[in-house]
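# Observations on the model geometry
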Amino acid sequence: MSEPTSHYDAIVIGAGISGMYQLHRLRGLGLRVRVFEAGAGVGGTWYWNRYPGARFDSESWTYGYSFSDEILREWEWREHFAAQPETLAYCNFVADKLDLRRDIEFGARIAAAVYDDAATEWHVESVDGRRARARFLITAIGPLSAPTMPTIPGVDTFRGEAYHTAMWPHEPVSFAGKRVAVIGTGATGVQAITEIAKTVGHLTVFQRTPNWCAPLHNRPIDAGTQARITATYPDIFARCRDSFGCFIHQADPRKALEVSPEEREAFYEALYAEPGFGIWMGNFRDILVDPDANATITDFMRRKIRARVTDPAVAATLIPTNHGFGTRRVPLESGYYEVYNQPNVRLVDLRATPIARVTPAGVETSDREYAVDMIVYATGFDAITGAFDRIDVRGVGGRRLRDKWAGGPRTYLGIQIAGFPNLFTLVGPHNAASFCNIPRCIEQNVDWVTALIAHMRDRAHTRVEPTAEAERDWTEHVHDTGRRMLFTQVDSWMMGINSNVAGKDTRTFLVYAGGAPKYRERCDEVAAAGYAGFRFR
Ligand SMILES: Cc1cc2nc3c(=O)[nH]c(=O)nc-3n(C[C@H](O)[C@H](O)[C@H](O)COP(=O)(O)OP(=O)(O)OC[C@H]3O[C@@H](n4cnc5c(N)ncnc54)[C@H](O)[C@@H]3O)c2cc1C
């Protein structure tokens, strides 16, 4: 405890899209706010994930903030699905516009957050000993911000270049003439592999679980389209608002088996030719809940992989067998499957020959060693609860959040936790935001929390906490809503499974699967009823 303690009305942890907007809104209430951010700049996801090929799966023009006409008017996206540098530039543009940086402390990773009930205050401390306290603590620490490395022996012994995609260097990395290994074929791996394959000497892809990937169909935005987008922002955001995950794609009202096989095939072909998540979010309304409906789109996607990959054995390895289409996060791709037709690309099936260790020279599987110059770990994140687990959060009586959530998260509206007063969790577990075109849900989350804090200020309340009953009912509701979705019957990060993290081997409900409109409705009802389920003091 070296540094003196600074005092604020509110502390926000994280300066991604969530933390930036929360800072702006709390300033609007006249609060003294401090944001602590581990990185050296704003942008969160878009600050860290600089790997080749990193780009949106959301249409760019649906992803930006909607709250400021000025920002909407002045910012023009160059591509329908912007690459990471453009999105980071957007975050910096917003930070400049709103003059956010003067209240953000960069390079400050918060290690501990402890609640002092006598003072009704949160005390936070960073890894390097900076300390601060405030009445309110708001976590904006990201759903996908805690990178995980594979638990393979020998990772530190490798003598070549090694990178994790979410901790990518700020300087350019060259693949030309090099033998490169990529470990992991999730959404990030799919983007990185496609880009690296364009310039690599030789590429070896180590795949444990194949995913169902769909074409992105990205293209530049021309001046006419931009003018149309700018003129129709209210309609665009209204359409997003009404859809399950706040994407621009609305589910088709028909069921998959209601139409003839010919009509179904034609619909799937049309969706496959569409940009973005249309094939996932704009598909027949039952493909994510009815196994028979799901089987029809899964069969279609299987045939697409076979048609695009020349070697039938490689195609078979790329076809998922343990889950149906859309029941895990769908990676969007721009020529991913064709990469495996290149003579300088090899696919290694880790289900047949698991990795034994990383050696000084490369990667050793159960049957041989692959000598490489570079290893790219596209091994993803300890999703949704991971960033919480990396902070020692203690509530009333010193109770650890990690212990409270040991059997799975328990929250009220995914926003507050009994026993942790005045702590608000943006885009946390059990919140619709983690299953969303995220900024659309972030704005709702932040506006709602801001209104709750204003409500307290107007009534001179200093402490808010959900009742145990409200927390129990919401947690049960999250579980009940999840059960009807096929994705809850599959191992994935959305279900809290991560084989690279000790203890994350049992399925648990991390996301609210009732959809953003229902979630918003519920939040509005709670507020209209004087914040039912919350106890104020
Ligand atoms: C590669 C990639 C592509 C994505 N593409 C899309 C997409 O197309 N559409 C979409 O809707 N979503 C996408 N997402 C999800 C994305 O995370 C969200 O869209 C959004 O950026 C989340 O914003 P956030 O501010 O909530 O969290 P983040 O952007 O993750 O920001 C959290 C911030 O908190 C900081 N932080 C965490 N812990 C601490 C700590 N202990 N102390 C201090 N600081 C801390 C982090 O450094 C980070 O800067 C993508 C995610 C990834 C990883």
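Here is a short report on the structure shown in this document.

## Description of the overall build of the protein chain
When you go through the protein chain residue by residue, the secondary structure sums to 18 helices and 20 strands. Across its three principal directions, the C-alpha atoms of the protein chain cover 70 × 55 × 45 Å. Sorting the 537 residues of the protein chain into buried and exposed places 60% on the buried side. Residue pairs in contact within the protein chain that sit at least 24 positions apart in sequence constitute 71% of those at least 6 positions apart. Roughly 21,100 Å² of accessible area belongs to the protein chain as shown, and the carbon and sulfur atoms make up 51% of that amount. The protein chain carries 61 positive and 64 negative side-chain charges, and their two centres are separated by 3 Å.

## Some words on the packing of helix α16 (residues 438–458) against helix α18 (residues 516–528)
It is at 11 Å that the axes of α16 and α18 come closest, and there the two elements cross at 10°. In terms of orientation, α16 lies roughly parallel with respect to α18. Contacts between α16 and α18 involve Cys441, Gln444, Asn445 and Trp448 from the former and Ala516, Tyr519, Arg520, Cys523, Asp524, Val526 and Ala527 from the latter. For the contact of α16 with α18, the per-class residue count stands at seven nonpolar, two polar and two charged.

## Describing the pattern of salt bridges
One pass over the structure, following the stated rule, counts 41 salt bridges. Across the salt bridge formed by Arg483 and Asp480, the nearest N and O atoms sit 2.7 Å from each other. One end of the pair is Arg483 and the other is Asp480, both in helix α17 (residues 468–483) and three residues apart, which spans about a single turn. Since its relative accessible area comes to 49%, Arg483 is described here as partly exposed. On the basis of relative accessibility, which here comes to 49%, the residue Asp480 falls in the partly exposed class. The residue Arg507 makes a salt bridge to Asp491 at a minimum N-O spacing of 2.6 Å.

## Some remarks on the sheet that holds strand β7 (residues 161–164)
With parallel pairing, the five strands of this open sheet are ordered in space as β7-β16-β8-β9-β12. Edge positions in the sheet fall to β7 and β12 (345–349), since each of these pairs with one other strand and no more. On average, each strand axis in the sheet is tilted by 15° relative to the strand beside it, whichever way the strands run. In this structure, strand β9 (residues 202–207) lies alongside β12, joined through five bridges in parallel fashion. Its bridge partner being in β12, Phe206 is matched across the sheet by Val348.

## Description of the site of the ligand
By nearness alone, 34 residues border the ligand, and Ser18, Glu37, Asp57, Ser58 and Tyr63 come closest of all. Contact between the ligand and Ala38: a nitrogen atom at 3.1 Å from a main-chain N or O atom of the residue. Here a nitrogen atom of the ligand and a backbone polar atom of Ile110 are 2.8 Å apart. Elements supplying a minimum of two residues to the shell around the ligand: α1 (17–28), α2 (45–48) and α16. Sorting elements by how many residues they give to the shell around the ligand places α2 first, with three residues. In terms of residue class, the shell around the ligand is built from 21 nonpolar, 10 polar and three charged.

## Describing the state of the cysteines
Taken as a whole and judged by the stated rule, the model has one disulfide. The disulfide partner of Cys436 is Cys441, and the S-S distance across this bridge is 2.1 Å. Taking the sign of the torsion about the S-S bond as the criterion, the disulfide between Cys436 and Cys441, at about 85°, is right-handed. Accessibility expressed as a relative area gives 9% for Cys436, which makes it buried. Note on Cys441: relative accessible area 6%, which makes it buried.

## With respect to the nonpolar core
The biggest cluster of nonpolar side chains holds 141 residues, and the ones touching the most others in it are Leu203, Tyr340 and Leu413. Of the residues forming this core, the biggest block, nine residues, is contributed by α16. Every residue in contact with Leu413, bar those within four places of it in the chain, is listed here: His430, Asn431, Trp448, Trp474, Tyr519, Arg522, Cys523, Val526 and Phe534. In this structure, Ile13, Val124, Ala132 and Leu423 belong to the second largest nonpolar core, which totals 23 residues.

## What to know about the packing of aromatic side chains
On inspection of all chains with the given rule, the structure shows 37 aromatic pairs. Aromatic pair Phe247 and Phe277: ring centres 5.2 Å apart, planes at 85°, arrangement edge-to-face. Of the two residues, Phe247 is situated in the loop between α8 (233–242) and α9 (261–272) and Phe277 in the loop between α9 and α10 (278–281); the sequence distance between them amounts to 30 residues. As far as the burial class goes, Phe247 and Phe277 line up, both buried.

## Topic: the environment of Cys441
With respect to the helices, strands and loops of the structure, Cys441 is situated in helix α16. Counting along the chain gives 195 residues from Cys441 to Cys246, while the straight-line C-alpha distance between them is 7.5 Å. Excluding its chain neighbours within four sequence positions, the residues that come into contact with Cys441 are Cys246, Ala432, Ala433, Cys436 and Ala516.

## Focus: α9
Owing to its 3.6 residues per turn, the α-helix brings residues three or four apart onto one side. Taking 1.5 Å of rise per residue, 12 residues should cover 16 Å, and α9 covers 16 Å from first to last C-alpha, within 8% of that figure. Considered for burial, the residues of α9 that qualify are Arg264, Phe267, Tyr268, Leu271 and Tyr272. One side of α9 carries all its buried residues, which in axial view fall inside an arc of 135°. For α9, the secondary structure elements touched by its buried residues are β10 (214–215), α10 and α11 (291–308).

## Quick notes on α17
Taking 1.5 Å per residue, 16 residues should reach 22 Å; α17 reaches 23 Å between its end C-alpha atoms and fits that length. Contacts made by the buried residues of α17 are with α15 (401–404) and α18.

## Looking at the side chain of Thr475
In this structure, Thr475 sits in helix α17. On the basis of relative accessibility, which here comes to 8%, the residue Thr475 falls in the buried class. When sequence neighbours within four positions are dropped, the list of residues in contact with Thr475 reads Pro409, Arg410, Thr411 and His430.

About the cut-offs
Residues numbered from 1 in each chain as written. Predicted model: local features only at pLDDT ≥ 70, side-chain atom pairs only at ≥ 80, totals over all residues. Heavy atoms only, no water. Helix = DSSP H or I, 4+ residues; strand = E, 2+ residues; numbered from the N terminus. Buried < 20%, exposed > 50% of the residue type's maximum accessible area, 1.4 Å probe, protein only. Contact = heavy atoms within 4.5 Å. Areas by Shrake-Rupley, 256 points an atom, 1.4 Å probe, with all protein chains shown as cover. Lys, Arg positive; Asp, Glu negative; His and termini not counted. Charge placed at Lys NZ, Arg CZ, Asp CG, Glu CD. Axes fitted to C-alpha atoms, helices over the stretch in contact; angles between N-to-C directions. Parallel < 35°, antiparallel > 145°, perpendicular 65-115°, else oblique. Nonpolar A, V, L, I, M, F, W, Y, C, P; charged D, E, K, R; others polar. Salt bridge = Lys/Arg side-chain N within 4 Å of Asp/Glu carboxyl O. Pairing = 2+ DSSP bridges. Near = heavy atom within 4 Å. Polar contact = N/O pair within 3.5 Å; in protein donor to acceptor, adjacent residues only side chain to side chain. Disulfide = S-S within 2.5 Å. Core = buried A, V, L, I, M, F, W, Y, C linked by side-chain atoms within 4.5 Å. Phe/Tyr/Trp six-rings, centres within 6.5 Å; stacked < 30°, edge-to-face > 60°. Expected span 1.5 Å × (residues − 1). Arc of directions from axis to C-beta.

Geometric descriptors of this kind do not, in isolation, establish any biological role.
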